[in-house]
Amino acid sequence: MWLNKLLYSSTGEPSLFQELWEYFEKKYFSVDTGRYEHLNIGSGGLVTLQRIVLGLFAGIIVAAAMIVYDKNRLGAFVRTIVREQCLWPEKAKTLSELGFYKNSGVKASLRSPNQLGKIVRCVEKEAYEQQVEEARAAYAAEHGDDKDFFMPGYRIDFENDHFYIPDEEHYRAEIRYDEKGSGWRAFLLVVLLAIVGAALVCFLLPEMLQMVDNMIDILSSNDRYLTE
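**Quick look at a nonpolar patch on the surface**
A cluster of nonpolar side chains, L189, L192, L193 and V196, forms an exposed patch at the surface whose accessible area comes to about 390 Å². Here L193 shows up in helix α8 (residues 184–227). Given the relative accessible area of 55%, L193 is considered exposed.

**Details of helix α6 (residues 123–143)**
In a regular helix each residue adds 1.5 Å, so 21 residues correspond to 30 Å; α6 covers 30 Å between its end C-alpha atoms and thus fits that length. Trailing α6 by a residue or two, G144 shows a phi angle of about 90°, which is positive.

**Regarding the side chain of H170**
Here H170 shows up in helix α7 (residues 170–176). A polar side-chain atom of H170 sits 2.7 Å from the main-chain carbonyl oxygen of D167. For H170, the contacting residues outside a window of four places in its chain are V82, L87 and I165.

**A short note on the nonpolar core**
Ranked by size, the top nonpolar core spans 23 residues in total, and within it F77, L110, L116 and V120 carry the most contacts. Put simply, the parts of the chain that give this core at least two residues each are α3 (43–83), α4 (95–98), α5 (104–111) and β2 (163–164). Per element, the largest residue contribution to this core is five residues, and it comes from α3. Not counting residues up to four positions away in its chain, the partners in contact with L116 are L74, F77, V78, V106, S109, L110 and Y177.

**Some words on the environment of L74**
Positionally, L74 belongs in helix α3. Residue class for L74 comes out buried when judged on its relative accessible area of 3%. For the pair L74 and S109, spaced 35 residues apart in sequence, the C-alpha to C-alpha distance is 8.0 Å.

**A short note on the layout of surface pockets**
Space inside the largest pocket adds up to approximately 370 Å³. Lining the largest pocket we find 16 residues, and of these L110, R111, C122, K125 and I156 sit closest to its centre. Looking at the lining of the largest pocket, the elements with two or more residues in it are α5, β1 (121–122) and α6. It is α6 that contributes the most residues to the lining of the largest pocket, three residues altogether. Residue composition of the lining of the largest pocket, grouped by class: eight nonpolar, two polar and six charged.

Rules used throughout
- Residues numbered from 1 in each chain as written.
- Predicted model: local features only at pLDDT ≥ 70, side-chain atom pairs only at ≥ 80, totals over all residues.
- Heavy atoms only, no water.
- Patch = residues over 30% accessible without salt bridge, like charges linked within 9 Å, V, L, I, M, F, W, Y side chains within 5 Å.
- Areas by Shrake-Rupley, 256 points an atom, 1.4 Å probe, with all protein chains shown as cover.
- Salt bridge = Lys/Arg side-chain N within 4 Å of Asp/Glu carboxyl O.
- Helix = DSSP H or I, 4+ residues; strand = E, 2+ residues; numbered from the N terminus.
- Buried < 20%, exposed > 50% of the residue type's maximum accessible area, 1.4 Å probe, protein only.
- Expected span 1.5 Å × (residues − 1).
- Polar contact = N/O pair within 3.5 Å; in protein donor to acceptor, adjacent residues only side chain to side chain.
- Contact = heavy atoms within 4.5 Å.
- Core = buried A, V, L, I, M, F, W, Y, C linked by side-chain atoms within 4.5 Å.
- 1 Å grid on protein atoms, 1.4 Å probe; cavity = no way out; pocket = protein on both sides within 12 Å on 5 of 7 lines; lining within 4 Å.
- Points joined across faces, edges and corners; volume = space filled by probe spheres on them.
- Nonpolar A, V, L, I, M, F, W, Y, C, P; charged D, E, K, R; others polar.

Structure below.
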């Protein structure tokens, strides 16, 4: 619905945005090819190639935006923990006390072992894991090994659990999630390079296809020569 409003005016005529997009698409992102002797690429194939190229570079831009967004969103949580001096288990605080209880992004990241889960510690989770190791050792002592030992993994209670960043690691966390290094300048550079790259690939694609066609012609000529 919002896309239609963006592309078309209230009278159903193309909007200024659509006219600008069509102009830039034809001028910088069109794939103009001639007739190839061995490659059967029709107009539909050219449209597909153009969409693949544009989709690839659009994906790069979206991925860069997600990285920057996550860094800023998660960085606010890390900086709050450091500012509140939650650097030891006894100083840990709940998400509500830190002001992030309603932040679904922070919750999802705390569950992940590859994001905040590598930096932010949960007091209750550490205590549970200690209990698991003690139970594992007792099981192994009784049965000779622990291959059949099982205890479920810890499930974070976001309402009551307490979080902190170890004192010896908070400097690294601050550097990684530094507010000044939000990455928006780098993101704009990625956008610019992606646009230029997409235009360059669309411009060079006909030449690359022609090279492939020429190589096929040379190979097929050699095959005919060898069979004669």
